[in-house]
Amino acid sequence: MASHITIFLIWCWALGRISETLQSSNGFDYPLTGGEETEEGFGHEDAGIVSQPKYPTSLPILEFPKPLVGLVRRKRDWVIPPINFPENDRGPFPKIMVQIRSNEDKEVKILYSITGSGADLPPVGLFTVDKNSGFLYVTKPLDREKQDHYVLLAHTVAVGAGTAEDPMEIIVKVIDMNDNKPVFTQDPFTGTVPEASLPGSEVMQVTATDADETGSANSDVRYTIINQEPELPSRNMFVMNPVTGVIRVNAAGLDREKIPKYTLEIQAADMEGNGLTCFRKAIITVADINDIAPQFEKSLVFSFQNTVSVPENKVNALVVKMPVSDGDEPQSSNWATKYRIVDGDPGGMFTVSTGPSRLEGIITTAKPLDFEKDNRYTLLVTVENEVPFATPLPTSTATVQVNVEDRNEVPVFDPVEKVVSVSEHLPVDSDLVLYTAIDPDIMAHKLMYRMDRDPAKWLDINSVTGMIKTKHSLDRESPFVKDGKYRVLILAIEDEIPATGTGTILIELEDVNDNAPTIDDTPLKLCNQDPRLVRLAVTDRDGPGFAEPFSVELLEGSNMYCTAQMYEKGTVVELTFKAMREQRNFYINLRVTDAGGLNQDHVIHVTMNEDSCMTWGDFCVRSFVLYVYVNQWVFCAPACFDFLLLDLLVLTLACFLDPPALTLSLLAALYLLDSELCWALGRISETLQSSNGFDYPLTGGEETEEGFGHEDAGIVSQPKYPTSLPILKFPKPLVGLVRRKRDWVIPPINFPENDRGPFPKNMVQIRSNNDKEVKILYGITGPGADQPSVGLFFVDKNSGTLYVTQPLDRERKDQYVLLAHAVAVGAGTAEDPMEIIVKVIDLNDNKPVFTQDPFIGTVPEASLPGSEVMQVTATDADETGSANSDVSYTIINQEPELPSRNMFVMNPVTGGIRVNAAGLDREKIPKYTLEIQAADMEGNGLTCFGKSIITVADINDIAPQFEKYLNTVSVPENKVNALVVKMPVNDGDEPQSSNWATKYRIVDGDPGGMFTALDFEKNNYYTLLVTVENEVPFAAHLHCHSPGECGG
């Protein structure tokens, strides 16, 4: 009892510690509460903390100014609209964006500063402010794809007086420019289309992304197929949805066997297909369908060419191999074949299978052929593919004639297995059965018989007649008999040609009750004080009807020691012994009888003494084992294992206690205690596991260096980037955009052209100073309102919201000057008109345009590299001086590409075209056609294409050549102006030009100038040397390589 009390006290202490642990861990899993939660966030209701609204408020608000001229200070309640500033502005930088002015700047000296992203927070220094004038500058181009807006706070400090104004929020919104080309998501795209697909079948989908503003025309991508390779059977086999990028079949004729693959060059272009472009490839594989039927080789078509011989009585014998061909994709199911015998085999004597090559049918015998029954077969075989034909196709068939070859057949027993039923007590030398065979051959042979398998050696056979007799007694209970059946094999042997047939005799032995039942008569040892029940199994070798159920009876006074009865449906003898004080040895006599009445007596020796009784140690050991099993598998969780070790020690000691009741009491106590402890520890373990690691702790009080100050300070500080600004308290929570008094030089409202709406689209909200006292009606006048273009802008008369009704076009008008009016109902004008300037921001929506098409130029042949040829020009309607109109020029292609593919080079800025390589030769290539491109955005934007035709001008670089080197002629004497000879020449220079026209001189053979009047008597033979030149000098020094080249 004392030990139990001690354990109880220790357990109470442990539970107390566990409870404390659970309570201390509660703060880590559940949030700490404090203060009240507002609609917008968390915080004490009196902390003076400004919450951040979940959604941006509505439109910026402009207050009507008092009548002033130009952009001057205006006292105005004004919800500052975002300052729209285009990305990639070309400066010069720093560039003025807006001016900030304080109401107090007339009374005291005001210093201006800004904080926030882009000012004192990364990217630091992107925006600056002139501390004296309040001009806000941007220092370098903005990139919308890096950051689409910046939130700045403008601060004013009165010199010597502290803060002059509360901080004013300024939002700089970066207007998107089309400065990002689309990018395909794969390179290349791969797709598959089944051959013979019908037009309209979907093949694949291509996709491209664009980093420009989502939902704008700058990121609105359109898709196009630029080229298809090969262009067969049609150049437009596929068509692409320009919006979704889905490629579909456009024309019939896809045939894998002719064209297995198509390569499409595809284009993605933003600005709805008119902007920046990128190019990729889409590779379409034409998938095979089963449109070609397999064909047997021609040699298999006619049966006289396919006659084979097969021996009879042979299963799986090769008959013939039948090769086929198939034009579908190799190794596919459309190509692999299967075969059927459709005629000539009504008995299923043959089978046909597909060979390892899958293009071969193999016929084999399925059953033994019998020459005596049928010696010829004519088989008709058809071939198909493993999968059905895609379209109805005629199947190929082959005829095979099979001749059966005669073989010496083995004798055949009839029946092959013969069943005989006899009694197991059949006398020796009795006739059992006559078992004979026949020879199926046409020429029968003499047979003799022989015993092949007789495991018990009970039988004998007459070798001539086939009569089988018994030579020994039969025994159904023999180990050679299975399930009452004895199997014998008989051989029939031909006497002339060795051939052996086999037959089986199955002898069913009828059972006789010739085996008495038996039991295990092993001596028994029992405890005299508490003898146990003994069961003895009964066995009998006889079959049903001569075995169980058994009966038992005690003999010769054995009933004074025990009683006997049958147990388990009469197959077990159950002996119940009587307790005895003294120890004794005795014998039990009993008789067991089977169902057929055959019995047998048995004597069992029994010893009864105290040595056979279970000791207290046995009891302890068994109790110990049971206890360990129950504790470990029924009650104990892993947490209870330490208690189990302690219990093992206690149980070991308890086995030596006396009396046994004390041990039993100790076991029961340990069992109950351990059960309770295990249950409690299990519950604690579950609690700890369920509360561990699900939430992160919420901290209170001060935050570390990475966070925000004391929870009750009511101050927002920026610890990472310290400033010289005073610490500001958040205003009390307000909904929407708060009106703030500010002297503000109204900046233009920057609005991008080609905005996609939806329209009407709000731009800004106008508010009167008097809208709290009286009902105000608003209106606007000016170009775009009540002047052309009328209705482009309108204002909601009640709310003052200014709308634009359709996309603006900077190329038509780059800005609009509106006057806003406010009228108090019943009181006339509430405010003087306020000027609102809407500036239309340029987007790259105009391609460059070449000023000529084509451009024409001329270059002399043999011009040196660097020689100027011509200049091309293009214009762009986008904003002058911006990247949108900054055109760059490129040569895309030169035709012909001889003698070099880069004969000309183009200045990308000026468009000047110069000679780039030597080798210009008018006689070989008189004209070049250049495909040229002009692209804005410094060559990365919208493009246009044109042609430049360059004519190679002729120079005198080819000397004229006489056609004949030697001319022999005869001329009569005394005749002036007589024709001597005509000497034709040829010249490769430009026909009809001075470089081509010729002139001649006699340079030798006429010293007297005799070719006026000749005198035969003075000289009857002249040899004249004549030279030829062009009308203009040669462009280069030309040499004569032979006399005939320059003269004749």
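Residues numbered from 1 in each chain as written. Predicted model: local features only at pLDDT ≥ 70, side-chain atom pairs only at ≥ 80, totals over all residues. Heavy atoms only, no water.

Enquirer: Before we go on, may I ask you to explain the overall build of the protein chain in this structure?
Expert: The secondary structure content of the protein chain amounts to five helices and 67 strands. Within the span of the protein chain, comprising 1048 residues, buried residues form 38% of the whole. Taking the intrachain contacts of the protein chain between residues at least 6 apart in sequence as the baseline, contacts between residues at least 24 apart amount to 66%. Working note: accessible area of the protein chain is about 58,800 Å², and carbon and sulfur atoms make up 54% of it. (Helix = DSSP H or I, 4+ residues; strand = E, 2+ residues; numbered from the N terminus. Buried < 20%, exposed > 50% of the residue type's maximum accessible area, 1.4 Å probe, protein only. Contact = heavy atoms within 4.5 Å. Areas by Shrake-Rupley, 256 points an atom, 1.4 Å probe, with all protein chains shown as cover.)

Enquirer: Explain the sheet that holds strand β20 (residues 261-269) here, please?
Expert: Either a parallel or an antiparallel arrangement is found when strands of a sheet pair, and the pairing is made through backbone hydrogen bonds. The strand order across the open sheet built from four strands is β14-β21-β20-β17, with neighbouring strands paired in mixed fashion. Only two strands of the sheet have a single neighbouring strand rather than two, namely β14 (189-194) and β17 (222-229). Between one strand axis and the next, the sheet turns by 30 degrees as a mean value, whatever way the strands run. Of the strand pairs in this sheet, β20 and strand β21 (residues 277-287) are connected by nine bridges, and their pairing is antiparallel. Paired with Ile266 across the two strands is Arg280, which belongs to β21. (Pairing = 2+ DSSP bridges. Axes fitted to C-alpha atoms, helices over the stretch in contact; angles between N-to-C directions.)

Enquirer: It is not clear to me how the sheet that holds strand β57 (residues 868-871) should be interpreted in this structure. Could you clarify?
Expert: Across the sheet, three strands lie side by side as β57-β61-β60; this open sheet has antiparallel pairing. Taken across any chain shown, the strands that pair with only one partner, and hence form the sheet edges, are β57 and β60 (904-906). Averaged over neighbouring strand pairs, the angle between their axes works out to 25 degrees when direction is ignored. Relative to strand β61 (residues 912-915), β60 runs antiparallel, the two being bridged by three bridges. Looking at β61, one finds that Phe904 is bridged to Val915.

Enquirer: Looking at this structure, I do not really get the pattern of salt bridges. What am I missing?
Expert: Summed over all chains, the structure comprises 30 salt bridges. Of the charged contacts in the structure, one is a salt bridge between Asp89 and Lys95, with a shortest N-O distance of 2.9 Å. A salt bridge links Arg922 to Asp954, with the nearest nitrogen and oxygen atoms 3.3 Å apart. Linking Arg922 in the loop between β61 and β62 (927-935) with Asp954 in the loop between β63 (943-953) and β64 (961-962), this pair joins segments that are 32 residues apart in sequence. Classification of Asp954 by relative accessible area gives buried; the value is 11%. Beyond isolated ion pairs, a larger network of salt bridges with shared partners links Asp220, Arg222, Glu272 and Arg756. (Salt bridge = Lys/Arg side-chain N within 4 Å of Asp/Glu carboxyl O.)

Enquirer: Looking at this model, I keep getting lost on the packing of aromatic side chains. Mind explaining?
Expert: The description of two aromatic rings rests on the distance between their centres and on the angle between their planes. For the structure on display, the rule yields 17 aromatic pairs. Centre to centre, the rings of Phe184 and Tyr223 are 6.4 Å apart; their planes meet at 40 degrees, and the pair counts as tilted. Of this pair, Phe184 sits in strand β13 (residues 183-184) while Tyr223 sits in strand β17, and the two are 39 residues apart along the sequence. Judged on exposure class, the residue Phe184 and its partner Tyr223 are both buried. Between Phe794 and Tyr803 the ring centres are 5.0 Å apart and the planes differ by 15 degrees, which places this aromatic pair in the stacked class. (Phe/Tyr/Trp six-rings, centres within 6.5 Å; stacked < 30°, edge-to-face > 60°.)

Enquirer: Would you take a moment to explain unusual backbone geometry for this structure?
Expert: Trans is the common state for peptide bonds, and a negative phi is the common state for residues other than glycine. In the segment running from Phe93 into Pro94, the intervening peptide bond is cis, with an omega of -5 degrees. Turning to its location among the elements, Pro94 is positioned in the loop between β5 (83-86) and β6 (95-101). Residue Pro230 is bonded to the preceding Glu229 through a cis peptide linkage, with omega at -5 degrees. Positionally, Pro230 belongs in the loop between β17 and β18 (238-240). Even without a glycine there, the phi angle at Ala196 is positive, about 65 degrees. Along the chain, Ala196 turns up in the loop between β14 and β15 (202-205). We classify Ala196 as partly exposed; its relative accessible area is 45%.

Enquirer: What is the right way to look at the environment of Glu574 in this model?
Expert: Relative to the helices and strands, Glu574 is located in strand β44 (residues 572-577). The sequence separation of Glu574 and Leu533 amounts to 41 residues, and the corresponding C-alpha distance is 7.3 Å. Glu574 has contacts with Leu533, Val534, Arg535, Thr563, Ala564, Gln565 and Tyr567, leaving out every residue within four places of it along the chain. Polar side-chain contacts of Glu574 include one of 3.0 Å to the side chain of Arg535. Within the structure, the side chain of Glu574 is placed 2.7 Å from the side chain of Gln565, a separation counted as a polar contact. (Polar contact = N/O pair within 3.5 Å; in protein donor to acceptor, adjacent residues only side chain to side chain.)

Enquirer: So what exactly am I meant to see when it comes to the side chain of Ser558 here?
Expert: Mapped onto the elements, Ser558 comes out in the loop between β42 (551-555) and β43 (562-567). A relative accessible area of 1% means that Ser558 is categorised as buried.

Enquirer: It is not clear to me how the pairing of strand β29 (residues 396-405) should be interpreted in this structure. Could you clarify?
Expert: Each regular strand displays side chains that alternate between the two surfaces of the sheet. Burial within β29 is extensive, with eight of its ten residues counted as buried. Direction of pairing for strand β23 (residues 307-311) relative to β29: parallel, over a ladder of five bridges. Bridged to Ser309 within β29 is Asn403.

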